[in-house]
Amino acid sequence: MAQAPLRVGLLGYGIAGRVFHAPLVAATPGLRLDAVVTRDPERRAQVQAEHPDARVLDGADQLWQGDTVDLVVVATPNRQHVSMARAAVAAGLPVVVDKPLAPTATEGRALVAEAAAAGVPLTVFQNRRWDGDFLTVRRLVEAGELGRVTRFESRFERWRPAIKPGWRESAAPGEAGGALFDLGAHLVDQAVQLFGPVQRVYAEVDRRRPGAEVDDDAFVALTHTNGVHSHLWMSALTAQLGPRFRVLGDRAAYTTYGLDPQEAALRDGGRPGMPGWGEVDPEAYGRLGADGDLRAVPTEAGRYQDFYAQLAAALRDGAPLPVDPADSVGVVELIELAHQAAAQGVTLPVPPLP
């Protein structure tokens, strides 16, 4: 007899909830988008139009009362990540938290410990582990195509010279706003996934746009314990974009341009399973080799849907969670250290784990 799908309650229907979580949940076998919490009239209308079978609720408290959902997704502004996740844990409900897990590593570490003590599954939506270009880099590195990697360059750059109103541009500490928390949460996570623990952190963190309250341009250099140097750029003020990845090894290098297409496809109404999902055009393939001897390498198809497929398997069958929340605590620790290093103008060692 087929099992009933797990009922998912989604907190928030802004960019994270509407563009990423709702369509990915709806596209995952074994999950059903059952309820969306939002008070905004326009967003309530969007939920009803885009997911007519989902209930639209006024407050998160309605999810904690009785047997209403089986899984909670926190896609609220960053300041509410910890409080909403703690409420889900207290209700005994497995929970997905959008990145960053918490505004501070201390809060993130306490949340992870609380969920573990309660025996409640907690994971973090580090979706760019399933970017097609990142999957391609990982495959090339693990296959030894580059030889011994010496430097990893990663950029997430945009041209947004005008400041948009909203919490992401707020200097309030609890908002965890700015480029380093927003884009760096992806770039730092990818670097650590590829090359492991970090020994030292150097950073340059700036506010370049007139009137900016938070960092909009940042560079972070991570020295990994294995000797690889990760150089990470994130900016809202890049009129000409650099390569998305440039990975240098002692046998070859790999360079690729352009962002993974899945976010743009989701914004345009695309869904996993549609023809060409996550694929890039062959002319956009990255190049592997040395100058004068380069070959195009097909970019793997991006697979954001794998996050929720793995989560469903974890909740149904006890498979591993798609993202260990301790990894995301480590990312927040490195972001905090980058802010400190930039403020002091020094390179800082990574302290041992508490």
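Residues numbered from 1 in each chain as written. Predicted model: local features only at pLDDT ≥ 70, side-chain atom pairs only at ≥ 80, totals over all residues. Heavy atoms only, no water.

Undergrad: Mind showing me how you'd approach the sheet that holds strand E1 (residues 6-11) here?
TA: Note on sheets: strands pair through backbone hydrogen bonds, and any given pair is parallel or antiparallel. Strand order in the open sheet made by the six strands is E3-E2-E1-E4-E5-E6, with parallel pairing throughout. Both outer strands of the open sheet, strand E3 (55-57) and strand E6 (122-125), are each paired with one neighbouring strand and no more. Here the average twist between neighbouring strands, direction ignored, is 25°. Pairing geometry for strand E4 (residues 71-74) and strand E5 (residues 95-98), over three bridges, is parallel. Directly across from valine 72, in E5, lies its bridge partner valine 95. (Pairing = 2+ DSSP bridges. Helix = DSSP H or I, 4+ residues; strand = E, 2+ residues; numbered from the N terminus. Axes fitted to C-alpha atoms, helices over the stretch in contact; angles between N-to-C directions.)

Undergrad: What exactly am I supposed to notice about the pattern of salt bridges here?
TA: Side chains carrying opposite charge are able to pair once their charged atoms draw close together. Inspection of the entire model under this criterion finds 29 salt bridges. A salt bridge links arginine 55 to aspartate 34; its shortest N-O distance comes to 2.4 Å. On the criterion of sequence distance, the pair formed by arginine 55 in strand E3 and aspartate 34 in strand E2 (residues 31-37) is long-range, its members being 21 residues apart. Assessed through its relative accessible area of 34%, arginine 55 is described here as partly exposed. Note that glutamate 300 and arginine 303 form a salt bridge whose closest N and O atoms lie 3.6 Å from each other. For glutamate 300, a relative accessible area of 24% puts it in the partly exposed group. Salt bridges here are not isolated pairs; linked through shared partners, they connect Arg151, Glu153, Arg155, Glu157 and Arg246. (Salt bridge = Lys/Arg side-chain N within 4 Å of Asp/Glu carboxyl O. Buried < 20%, exposed > 50% of the residue type's maximum accessible area, 1.4 Å probe, protein only.)

Undergrad: Could you clarify how one ought to interpret helix H1 (residues 15-26) in this entry?
TA: Each full turn of the α-helix corresponds to 3.6 residues, which orients residues three or four apart in the same direction. Over its twelve residues, H1 extends 16 Å from the first C-alpha to the last, a length consistent with the 16 Å expected when each residue adds 1.5 Å. Where burial is concerned, most of H1 is hidden: nine out of the twelve residues are buried. Residues of H1 that are buried include every one of Ala16, Gly17, Val19, Phe20, His21, Ala22, Pro23, Leu24 and Val25, and no others. (Expected span 1.5 Å × (residues − 1).)

Undergrad: Explain the pairing of strand E9 (residues 217-224) to me, please; I cannot follow it from the model alone.
TA: Looking along a regular strand, one sees side chains alternate from face to face of the sheet. Within E9, seven of the eight residues are buried, which leaves it mostly tucked inside the rest of the structure. Two strands pair when backbone bridges link them, and strand E8 (residues 198-206) and E9 are joined in this way by eight bridges, in the antiparallel orientation. From the neighbouring strand, valine 201 faces E9, where its bridge partner is leucine 222. Alignment of E9 against strand E10 (residues 229-235), held across seven bridges, turns out to be antiparallel. Across the sheet, the residue bridging to leucine 222 is serine 230, located in E10.

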